[in-house]
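Observations on the three-dimensional arrangement
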Amino acid sequence: MNKIELKNISFSYSRDETEVVKHVSFKVREGSYVSVVGHNGSGKSTLARLIIGLLAPNEGEIYIDDELLTNKSVRKLRQKIGLVFQNPDNQFIGATVEDDIAFGLENRRIPRKDMQEIINNYAKRVGMDLFLTKEPSRLSGGQKQRVAIAGALALNPEILILDEATSMLDPKGKSDIRGLINEMKKNNPNLTILSITHDVEEAFDSDEVLVLNKGELAYKGKPKEVFANRKVLESLNLEMPFIMDLKDKLSKEGINIDNCENIDDIAEVLWPSK
């Protein structure tokens, strides 16, 4: 089943401007983890806002669960989607972590007697259950983003859209969120994740990668396929994921590591254990 389907989507912010998204079509299957990558200005974040219904396409159709996204259906379909933005500070409403996770539940009119259990459950899932009484401003970037994700997951979405959710984090924060995404997929195989990102390391963990270039869908496929061509990536101002870059350079030195899936495998080839 397709959770998201775009058919020939085009969009510009005004009639006088060049189209930011140009004739983009793709499908996202239920339970899949899809990354949309591209350089700054490629149309990635605009695409997220079109899917969530914050913007309306100039041309084409968007379907959520095979239902057309329109002015009439947007309210209902949006309840199936959780959205986490680039800057978690822009999403905080409550004075404490607990209040912030509760905000969306209150809007959904979840009974107070059920709310606390939901808050505790999702705070624990993202590793923030010991911070419920803390002020969001006192948290690290990675912790703030964990709270934002908890708030989105607490609404029990069928689709989670991450719009540059790791772009403002340090390497540890990015690693934490990548680990959290993998954990979410393991705990809920039916959760569909669409990650809008410029982080190729994050995209390498996904099931499928879509590459946008100047508003157009330039490439799509499995991460190993998309990131295998250094010249193509360089032409799109994208880097190779570290492990792909390392394997490529070792291969040029005559070291065969084609069957290596991770750093540990490569280390075993270079320094075999006794």
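Read on for a plain summary of the structure. (Residues numbered from 1 in each chain as written. Predicted model: local features only at pLDDT ≥ 70, side-chain atom pairs only at ≥ 80, totals over all residues. Heavy atoms only, no water.)

1. Overview of the packing of helix 10 (residues 242-252) against helix 11 (residues 263-270)
In the contact formed by helix 10 and helix 11, the axes pass within 11 Å of each other and the chain directions differ by 25°. With respect to helix 11, the axis of helix 10 lies roughly parallel. Like other packed secondary-structure pairs, helix 10 and helix 11 cross with a definite hand, here left-handed. The segment helix 10 lies against helix 11, with F242, I243, L246, K247 and L250 engaging I263, I266 and L270. (Axes fitted to C-alpha atoms, helices over the stretch in contact; angles between N-to-C directions. Helix = DSSP H or I, 4+ residues; strand = E, 2+ residues; numbered from the N terminus. Parallel < 35°, antiparallel > 145°, perpendicular 65-115°, else oblique. Left-handed = near helix turned anticlockwise from the far one by under 90°. Contact = heavy atoms within 4.5 Å.)

2. Observations regarding unusual backbone geometry
Here the phi dihedral of D65 falls at roughly 55°; this positive angle occurs in a residue that is not glycine. Summarising the element assignment, D65 is placed in the loop between strand 4 (59-64) and strand 5 (67-68).

3. What to know about the nonpolar core
Within the largest apolar cluster, 32 residues are counted, with the highest numbers of intra-cluster contacts made by V84, I101, I149, L160, M184 and I193. Listing elements by their share of this core, those giving two or more residues are helix 3 (97-107), helix 4 (112-125), helix 5 (141-153), strand 7 (159-163) and helix 6 (171-187). Tallying contributions element by element places helix 5 first for this core, with six residues. Of all hydrophobic cores here, the second largest spans 28 residues; its members include V28, V36, L69 and I161. (Core = buried A, V, L, I, M, F, W, Y, C linked by side-chain atoms within 4.5 Å. Buried < 20%, exposed > 50% of the residue type's maximum accessible area, 1.4 Å probe, protein only.)

4. With respect to the packing of helix 5 against helix 6
Helix packing for two helices is described by the angle between their axes and how far apart those axes are. Close contact between helix 5 and helix 6 brings their axes to 9 Å; oriented N to C, the two are set at 25°. As far as their axial angle goes, helix 6 and helix 5 are roughly parallel. As helix 5 packs across helix 6, the resulting crossing turns out to be right-handed. In this structure, helix 5 contributes G142, Q145, R146, I149 and L153 to the contact, and helix 6 contributes G173, D176, I177, L180 and M184. Of the residues assigned to the contact of helix 5 with helix 6, the class counts are five nonpolar, three polar and two charged. (Nonpolar A, V, L, I, M, F, W, Y, C, P; charged D, E, K, R; others polar.)

5. Focus on the sheet that holds strand 5
Across the sheet, four strands lie side by side as 2-1-4-5; this open sheet has antiparallel pairing. The sheet is open, and its two borders are formed by strand 2 (21-29) and strand 5, each paired with just one other strand. Where strand 4 meets strand 5, two bridges bridge the pair, whose relative direction is antiparallel. By the bridge assignment, Y63 is partnered in strand 5 with L68. (Pairing = 2+ DSSP bridges.)

6. A closer look at the pattern of salt bridges
On inspection of all chains with the given rule, the structure shows 15 salt bridges. Across the pair E135 and R138 runs a salt bridge whose closest N-O atoms are separated by 3.9 Å. A residue is classified by how much of its surface remains accessible, and E135, at 39% relative accessible area, is partly exposed. We note a salt bridge from K249 to D245, for which the minimum N-O separation is 3.4 Å. In this pair, K249 and D245 both sit in helix 10, four residues apart, roughly one turn of the helix. For K249, a relative accessible area of 46% gives the class partly exposed. A cluster of three or more residues bridged by salt bridges with shared partners is formed by R230, D245, D248, K249 and K252. (Salt bridge = Lys/Arg side-chain N within 4 Å of Asp/Glu carboxyl O.)

7. Section: the packing of aromatic side chains
The final tally for this structure, using the stated rule, is two aromatic pairs. Ring plane angle 85° and centroid distance 4.8 Å describe the contact between F11 and Y13, whose orientation is recorded as edge-to-face. By relative accessible area, Y13 is classed as partly exposed at 46%. Here F204 and F227 contribute two aromatic rings whose centre-to-centre distance is 6.4 Å and whose plane-to-plane angle is 50°, an arrangement assigned as tilted. Here F204 is found in helix 7 (residues 200-204), whereas its partner F227 is found in the loop between helix 8 (223-226) and helix 9 (230-235), with 23 residues between them in sequence. (Phe/Tyr/Trp six-rings, centres within 6.5 Å; stacked < 30°, edge-to-face > 60°.)

8. Some remarks on the pairing of strand 6 (residues 81-84)
Residues of strand 6 alternate between two faces, with I81 and L83 on one and G82 and V84 on the opposite face, all of them buried. Taken together, the four bridges between strand 6 and strand 7 define a ladder with parallel strand orientation. Paired with I81 across the bridge in strand 7 is I159.

9. Structural notes on the sheet that holds strand 9 (residues 208-213)
Across the sheet, which stays open at both edges, the six strands sit in the order 6-7-8-3-9-10 with mixed pairing between neighbours. One side of each edge strand has no neighbouring strand; the edge strands of this open sheet are strand 6 and strand 10 (216-221). Strand-to-strand, the axes of this sheet are offset by a mean angle of 15°, without reference to chain direction. The sheet contact formed by strand 9 and strand 10 spans five bridges and is antiparallel. The partner of L210 across the bridge, within strand 10, is K220. Along the sheet, helix 1 (residues 44-51) makes contact with strand 3 (33-37), strand 6, strand 7, strand 8 (192-196) and strand 9, crossing strand 7 at roughly 150°. Strands in contact with helix 5 are strand 6 and strand 7; relative to strand 6, the strand with the most contacts, it is inclined by about 165°.

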